[in-house]
Structures are given as C-alpha cells and as structure tokens.
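Residue strings, one per chain:
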Amino acid sequence: MYPKEKFYATILGIEAPWHVTAVELKERAEEVHVTVALGASARRVCPTCARVCPGYDTRRRSWRHLDTCQFKTILWADVPRVECAEHGVVQIEVPWAERGSGFTALMEALIIDWLQEANISAVARRMRLSWHEIDGVRERAVRRGLARRKLRSIACIGVDETSFQKRHEYVTVVSDLERGCVLHVADDRKTGSLDEFWALLTPRQLSKIRAAAMDMCAAYVRSTREHLPNADEKICFDRFHVAKTLGDAVNTVRKEEIRELTANGEYAPRGTKYVFAQNPENMPPWRRAQFELLKDSSLKAARAWRIKDAARWLWTYTTRGWALRGWKQWIGWAVRSHLEPMKRAAHTVRDHLWGIVNAVVLRVTNAGAESLNAKIQWIKKQACGFRNRERFKAAIYFHLGGLDLYPATISTHTRA
Ligand SMILES: [Zn+2]
C-alpha cells in the first residue's frame, strides 16, 4: 500500500531534508492536516546570508494549501530559527512557501490565477478565505512583480489621468504604448506625479524615448521638459486628447443653443448629444438617420460639428510643413466661426500646435492607451469602485503591469 505520508509528500512536492511525518483527517471540520518536519541532520542556514548557523528554537507554523477534493488542506511544521552572527535570530526558509505568507506557493499561484478572472470578494467566497487574505495575496504579487521588473527600452510612452470612486480624485497612469502595459501609477495629476516616473529611468533609457503622448496639461508638459532630453520634439498631444477638447466644445455649443432656442420659444431638437459626439461611421443606423438630417442644417451645433469633423483629416499629414499649414488654416476657420466654445478650443489648439504637429508626424497613436483605459474602467467596475487609492493602484499593476506575479518557487514550467 502507498502510505498516505508518501502520497502527500509527492503531491506537495516535499523533498528531503523535509519529510511528511503525519497526515490527519479531520472529518467534522472537513480538513486534512499534513505535518512536515526537517531532518535532524539537515544544515540550517540564515535566509539572508545563506551561512550555516547554530539552531536557536522552533516555531509552529501553518500554511493553507490547495484543497484535497472538498477538504481544506493545511500544512503544519515546526520551523527552526537560527542564530546568525550577522542577522540575529531568524526563521529559516521553507521550500513550499514565501517568507511571511500563510499560503503555500501553489495556493498563492492559484489565487493569483483566479484574481485574473474575478474580483476579490468572489475569489474569497470561492476559496473560503477572507477578503483581506485575498487582498494580501494580490498586494504581495504586485510587490514581487515590481521588485523583479526590469524596465526594458521604451520607445513611446503615454501619460494619462484617471479618476476613482469619488470624482476629482485622480491617479496618473504612465504606459508603454508599444507593449500596451502600465509602467507607473502615481497619486494625483501634478508635475510631481510624473517626476516619479522619470526617476525610475536611467539616462540611457531616457535617451531611447522618442515620443511621449499626453493631454494638453501644463503639469505633465513641465515635468517632461524637465526630465526628457529634447522634450519639445517628443511631446505629443495625441489625437484622442485633441478630439476630446473639440468634442467638449461642440457639446457646449449644442447645450447653449438649446437653452437659447428654448428661451426664445423656438423649436429645439432634443436628444442630440450623441448625434454630434460620435463619428458617423460608428453610429447605429437609427442615429445615423437623425445625424444625416441634422449635419447640414443651419443649427450652430451642426456648424460646430463640421469644424470638429474637418480636424479629423488633419492627422493624415506626413510632413511637418504641410501639417503646420493645414492646422493653421483650420484654426483660422474655427476662430472666425463666431462660435465662442469653438473659438476657445481653437486657441487651445493654437497654443499647443507644436506638440500636435509632433503627434501627426511621429504617428503616435493612442490606440494602446485607449484600450488600457478601457481595461482600467473594467477594473473599476469589477471591483465596484475603489475607496482606497493604494488598492486601485495595486489593481492596475496587477492586471495591466505585465508583471511576473507568481511566487519564486513556482517555476515557469508548472504555470502553462
Ligand atoms: Zn545571516
């Protein structure tokens, strides 16, 4: 007969000098308790300096492991502490778990896998653990991943802000636009928020960055100019952010016009917000019909929309000279439109034209940043919002940081 101790040693991957000494079934509690012990002759080393040290005492510890069928499985061991001349009294390392964790590495890896699919509450419920235990696993995974991460050469970065739970509370998200992963998450959206990111890079890494896409926000521009060599040729006010400024202006024109028409007792077309906000090719057919009726009308909103739409074609230039000429022409048109919000938006464009032209000729696309932003919205929704900024940041790193999150003892082979 295959003894149960050997059976558990095999499936737990317990190898000499550690041995399974007892397996106990607690039927009522639906638990399996596995006791593991270190051979008396085994060398005991300090976990920091790896020097063999005299034993000091032992501490009884337990780790939750993967379930045995429907039974919770708990690993027990008297873990020796050694007295290191340099590091004092310290507990030796065990091969099945990371220091400070109440879970075996395999259990942590399973929790990490589940966290990719579901939120903390759901994982806690399914794994019969507390919310805080699951949160702790995620936090450790992120810390581990960030400590291991080596920032390789980055060519294009995107800088964006995103709010969480309470409006007006923001974090700054810096992403690698080519790899589509998040590089840094900082508090607020100030100059200092971005300074933190630049400090992570070596001068060599800084020199490799050829474009930095961002919105027309003075704080990010200031920080970039301070840290990135030749920043004025690399800062890109990308299409997405410019389009947002113009879209907001069109919406202001529309709202003011409705207010004005209603005050004068005239007919004001309602429900037109999305008619003028969406690009026609993305509209559902029913909205498209309404759009076709309105787009050439004499409504101010329609006029504003035509100005915004014309700007879409200004992104196709390939040379700096032509791009400048095209944009300047457009600015002239918008300024002469007698539509105050469009005029203001055109002035914003004029003041940032240098960075817009960089974006046009460097062909910096916001597609990567946009899909990351969509994923961040998913993270927020999945967690039912965040009250805690640090948790929000951890969740972004966990899902979008491209990090190696698993405990060190889990080899890449077992991960599949
Ligand atoms: Zn030591």
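Before reading on, note that the structure itself is shown above.
Rules of the game
- Residues numbered from 1 in each chain as written.
- Predicted model: local features only at pLDDT ≥ 70, side-chain atom pairs only at ≥ 80, totals over all residues.
- Heavy atoms only, no water.
- 1 Å grid on protein atoms, 1.4 Å probe; cavity = no way out; pocket = protein on both sides within 12 Å on 5 of 7 lines; lining within 4 Å.
- Points joined across faces, edges and corners; volume = space filled by probe spheres on them.
- Helix = DSSP H or I, 4+ residues; strand = E, 2+ residues; numbered from the N terminus.
- Nonpolar A, V, L, I, M, F, W, Y, C, P; charged D, E, K, R; others polar.
- Core = buried A, V, L, I, M, F, W, Y, C linked by side-chain atoms within 4.5 Å.
- Buried < 20%, exposed > 50% of the residue type's maximum accessible area, 1.4 Å probe, protein only.
- Contact = heavy atoms within 4.5 Å.
- Expected span 1.5 Å × (residues − 1).
- Donors = N, O, S within 2.8 Å, 3.2 Å for Na, K, Ca; no water.
- Tetrahedral: all angles 85-135°; square planar, octahedral: opposite > 155°, others 65-115°.
- Pairing = 2+ DSSP bridges.
- Axes fitted to C-alpha atoms, helices over the stretch in contact; angles between N-to-C directions.
- Phe/Tyr/Trp six-rings, centres within 6.5 Å; stacked < 30°, edge-to-face > 60°.
- Lys NZ or Arg CZ within 6 Å of the ring centre and 35° of its normal.

1. Points about the layout of surface pockets
- When its volume is computed, the largest pocket comes out at roughly 700 Å³.
- Along its surface, the largest pocket is lined by 26 residues, and Ala243, Lys244, Ala277, Asn279 and Lys308 are the ones closest to its centre.
- Listed by contribution, the elements that provide at least two residues to the lining of the largest pocket are helix 9 (239–263), helix 10 (273–277) and helix 12 (300–312).
- It is helix 9 that provides the largest number of residues to the lining of the largest pocket, a total of ten residues.
- Taken together, the residues of the lining of the largest pocket break down into eleven nonpolar, six polar and nine charged.

2. Concerning the nonpolar core
- Formed by 67 residues in total, the largest nonpolar core has its most connected members in Ile157, Trp198, Val242, Trp327, Trp330 and Ile356.
- Counting residues per element, this core draws most heavily on helix 9, at seven residues.
- Among all residues touching Trp198, those that are not within four sequence positions of it are Ile157, Leu206, Ile209, Ser223, Thr224, His227 and Leu228.
- With 33 residues, the next largest nonpolar core counts Met107, Ala109, Met127 and Tyr406 among its residues.

3. Some words on helix 4 (residues 131–148)
- For helix 4, built from 18 residues, the straight-helix expectation of 26 Å at 1.5 Å per residue is met to within 8% by its first-to-last C-alpha distance of 26 Å.
- Residues of helix 4 that are buried: Ile134, Asp135, Gly136, Val137, Arg138, Arg140, Ala141, Val142, Arg144 and Gly145.
- Along its buried surface, helix 4 packs onto helix 2 (105–115), helix 3 (120–127) and helix 17 (389–400).

4. What to know about the coordination of the zinc ion
- Protein ligation of the zinc ion involves Cys46 (SG), Cys49 (SG), Cys84 (SG) and His87 (ND1), the donor distances falling in the range 2.1 to 2.3 Å.
- Coordination at the zinc ion is tetrahedral, judged from the four donor atoms that bind it and the angles of 103 to 115° they form at the metal.
- In terms of primary sequence, the donors binding the zinc ion are separated according to C-x2-C-x34-C-x2-H. Of this pair, Cys46 sits in the loop between strand 2 (31–38) and strand 3 (55–68) while Cys84 is found in strand 4 (residues 71–84), placing the two residues 38 residues apart along the sequence. Here Cys46 and Cys84 have matching classes, each one buried.

5. Some details on the sheet that holds strand 10 (residues 235–237)
- Ordered by their spatial adjacency, five strands build an open sheet running 8-7-6-9-10, and the pairing between neighbours is mixed. The open sheet terminates on both sides in strands that have one partner only, identified here as strand 8 (181–187) and strand 10. Shown here is a sheet whose adjacent strand axes are inclined to one another by a mean of 25°, direction ignored.

6. A few points about the packing of aromatic side chains
- Tallying each qualifying case throughout the model produces eight aromatic pairs.
- When the centroid spacing of 5.9 Å and the interplanar angle of 70° are considered together, the rings of Trp327 and Trp330 count as edge-to-face. Residue Trp327 and its partner Trp330 are both found in helix 13 (residues 320–335); the two are separated by three residues, about one turn of the helix.
- Given a relative accessible area of 0%, Trp327 falls into the buried group.
- Overall, the relative accessible area of 3% leaves Trp330 in the buried class.
- Put simply, the rings of Trp18, Trp63 and Trp96 touch in pairs and so form one group of aromatic residues.
- Lying across the ring of Tyr170, Arg189 places its NZ or CZ 3.7 Å from the centre.
- Directly above the aromatic system of Trp322 lies the positively charged group of Arg325, at a separation of 4.6 Å from the ring centroid.

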